[in-house]
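Structural description and commentary
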Amino acid sequence: VKSRRARIPAALSAAAALAAAVAASGCKTCPLCGAPWRGGEDFRRAAVEEPRTVTVGGSVTCPERITLLPVYELHIRLADLRTGASICEKTETGLTGFPVFFELEYDPADVRQGSVAGLSAELLSGGEPLLATDTRTSVVAGTNVAGANLVLVRSR
């Protein structure tokens with residue numbers, strides 16, 4: 001009976017011999033997991049690139065006391081300030097009170113590098129605005145933002 005110390009080096013040398021034999025035979029994939037090998041000699045898995053997303057988050061508040069009806073919707077929008085094109089938007093329903101916290105996610109590749117975007121919000125009833133932000137909160141497009149505070153006022 002071999003000791004435990006003698007079995008570990010034997011197992012490692014067997015694994016190394018298997019890897020060398022597979023590499024010498026010119027195989028392009030790992031026989032154990034099927035991952036491609038770069039150049040037939042690189043035993044690392046090919047890198048899988050994750051899509052990068054950017055998050056803009058914050059809260060919407062309303063200084064007025066209003067009763068939120070079930071039909072009300074809060075529409076939050078991030079738009080390019082130069083072109084007015086929407087980058088991303090979200091509609092919240094089932095509102096119970098203010099503040100309403102939000103997060104918008106988008107792919108920064110969809111935005112021109114260095115452009116400035118603006119956050120805005122509207123409280124809608126049947127598609128008609130009741131309250132809206134009267135100023136846009138500016139953010140640099142393509143960067144993560146937390147803590148943006150949007151304030152709703154009466155729509156004129």
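Residues numbered from 1 in each chain as written. Predicted model: local features only at pLDDT ≥ 70, side-chain atom pairs only at ≥ 80, totals over all residues. Heavy atoms only, no water.

1. Re the pattern of salt bridges
The condition that has to hold: Whenever Lys or Arg places a side-chain nitrogen within 4 Å of a carboxyl oxygen from Asp or Glu, that contact is recorded as a salt bridge. Numbered from the N terminus, helices here are DSSP runs of H or I no shorter than four residues, and strands are runs of E no shorter than two. Residue exposure (1.4 Å probe, protein chains only): buried if accessible area is under 20% of the type maximum, exposed if over 50%, otherwise partly exposed.
For the coordinates displayed, the defined rule picks out two salt bridges. We note a salt bridge from Glu64 to Arg154, for which the minimum N-O separation is 3.0 Å. With a gap of 90 residues between them, Glu64 in the loop between strand S1 (54-61) and strand S2 (72-80) and Arg154 in strand S8 (residues 145-154) connect regions that are remote in the sequence. Among the residues examined, Glu64 registers a relative accessible area of 29% and is labelled partly exposed. A salt bridge links Glu92 to Lys90; its shortest N-O distance comes to 3.5 Å. A relative accessible area of 19% places Glu92 in the buried class.

2. Brief notes about the nonpolar core
Rule in force here: Here, nonpolar core means buried Ala, Val, Leu, Ile, Met, Phe, Trp, Tyr and Cys residues that are tied together by side-chain atoms lying within 4.5 Å of each other. Note on contacts: a residue pair is in contact if any heavy atoms of the two residues lie within 4.5 Å.
Residues Val60, Leu74, Ile76, Leu78, Tyr106, Leu119 and Leu152 are the most contacted members of the largest nonpolar core, which totals 27 residues. Of all the elements in the fold, those that place two or more residues in this core are S1, S2, strand S4 (100-106), strand S5 (116-125) and S8. Setting aside residues up to four positions removed in sequence, Leu78 forms contacts with Val56, Ser86, Ile87, Cys88, Leu104, Tyr106, Ala117, Gly118, Leu119 and Val139.

3. Considering unusual backbone geometry
Residue Phe98 is joined to Pro99 through a cis peptide bond whose omega torsion reads 0°. Here Pro99 shows up in the loop between strand S3 (86-92) and S4.

4. Points about the pairing of S5
Going by this rule: When DSSP finds two or more bridges between a pair of strands, those strands are recorded as paired.
In terms of residue burial, S5 counts as a mostly covered element, since seven of its 10 residues are buried. Summarising the sheet, S2 and S5 pair through nine bridges and their orientation is antiparallel. Each bridged residue has a counterpart across the sheet, and for Glu73 the counterpart in S5 is Leu124. In terms of strand pairing, S5 meets strand S7 (residues 137-140) through four bridges, oriented antiparallel. Each bridged residue has a counterpart across the sheet, and for Ala117 the counterpart in S7 is Val139. Summarising the sheet, S5 and strand S6 (residues 128-133) pair through four bridges and their orientation is antiparallel. Note that in S6 the partner of Leu124 across the bridge is Pro129. Hairpin geometry of S5 and S6 is characterised by an intervening segment of two residues between the two adjacent antiparallel strands and by a positive phi of about 65° at Gly126.

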